[in-house]
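Letter by letter, the chains look like this.
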Amino acid sequence: MDEPLTPDEEVVLHELLRLDTEPHQIPPALYEGFVKRLARSCRMPAVRVLAALQGLNDKGKFDTVDPETEI
């Protein structure tokens, strides 16, 4: 059974799906700006967005397999 998402995680996940992106796709040098823009579009503080991203990551929402490295 999947662990339920918090309200903040729901909002952030919905926005990421709308943008068709995953946090792992963002280069480290651009990550801070990405989080700030995501926070503005989600209408919440960046610290809550970061917590939601961590929660989504912990719940396996961003576990993707690269077809080139798949065995």
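Here goes a summary of the coordinates provided. All of these numbers come straight from a predicted model, not from anything done at the bench.

Here's the deal with the pattern of salt bridges
Step number 1: Evaluation of the coordinates by the stated rule reveals 4 salt bridges.
Step number 2: Across the pair Arg 48 and Asp 8 runs a salt bridge, and its minimum N-O distance is 2.7 Å. Taken together, the residues Arg 48 in helix α3 (residues 46-58) and Asp 8 in helix α1 (residues 7-19) connect sequence positions 40 residues apart.
Step number 3: On the accessibility criterion, Arg 48 (37% relative accessible area) is partly exposed.
Step number 4: The salt bridge partner of Arg 18 is Glu 15, with a shortest N-O separation of 2.6 Å. One end of the pair, Arg 18, and the other, Glu 15, are both in helix α1, 3 residues apart, so they sit about a helical turn from each other.
Step number 5: For Arg 18, a relative accessible area of 55% gives the class exposed.

Remarks on α1
Step number 1: The end-to-end C-alpha distance of α1, which contains 13 residues, comes to 19 Å, matching closely the 18 Å that a straight helix rising 1.5 Å per residue would cover.
Step number 2: Along α1, the positions that sit buried rather than exposed are Glu 9, Val 12, Leu 13, Glu 15 and Leu 16. Taken around the axis of α1, the buried residues stretch over an arc of 165°, which confines them to a single face. The exposed residues of α1 that point more than 90 degrees off its buried face are Pro 7, His 14, Leu 17 and Arg 18.
Step number 3: Elements in contact with the buried residues of α1: α2 (31-42) and α3.
Step number 4: Backbone geometry just downstream of α1 places Asp 20 in the positive-phi region, at approximately 55°.

Cut-offs used in this document
Residues numbered from 1 in each chain as written. Predicted model: local features only at pLDDT ≥ 70, side-chain atom pairs only at ≥ 80, totals over all residues. Heavy atoms only, no water. Salt bridge = Lys/Arg side-chain N within 4 Å of Asp/Glu carboxyl O. Helix = DSSP H or I, 4+ residues; strand = E, 2+ residues; numbered from the N terminus. Buried < 20%, exposed > 50% of the residue type's maximum accessible area, 1.4 Å probe, protein only. Expected span 1.5 Å × (residues − 1). Arc of directions from axis to C-beta. Contact = heavy atoms within 4.5 Å.

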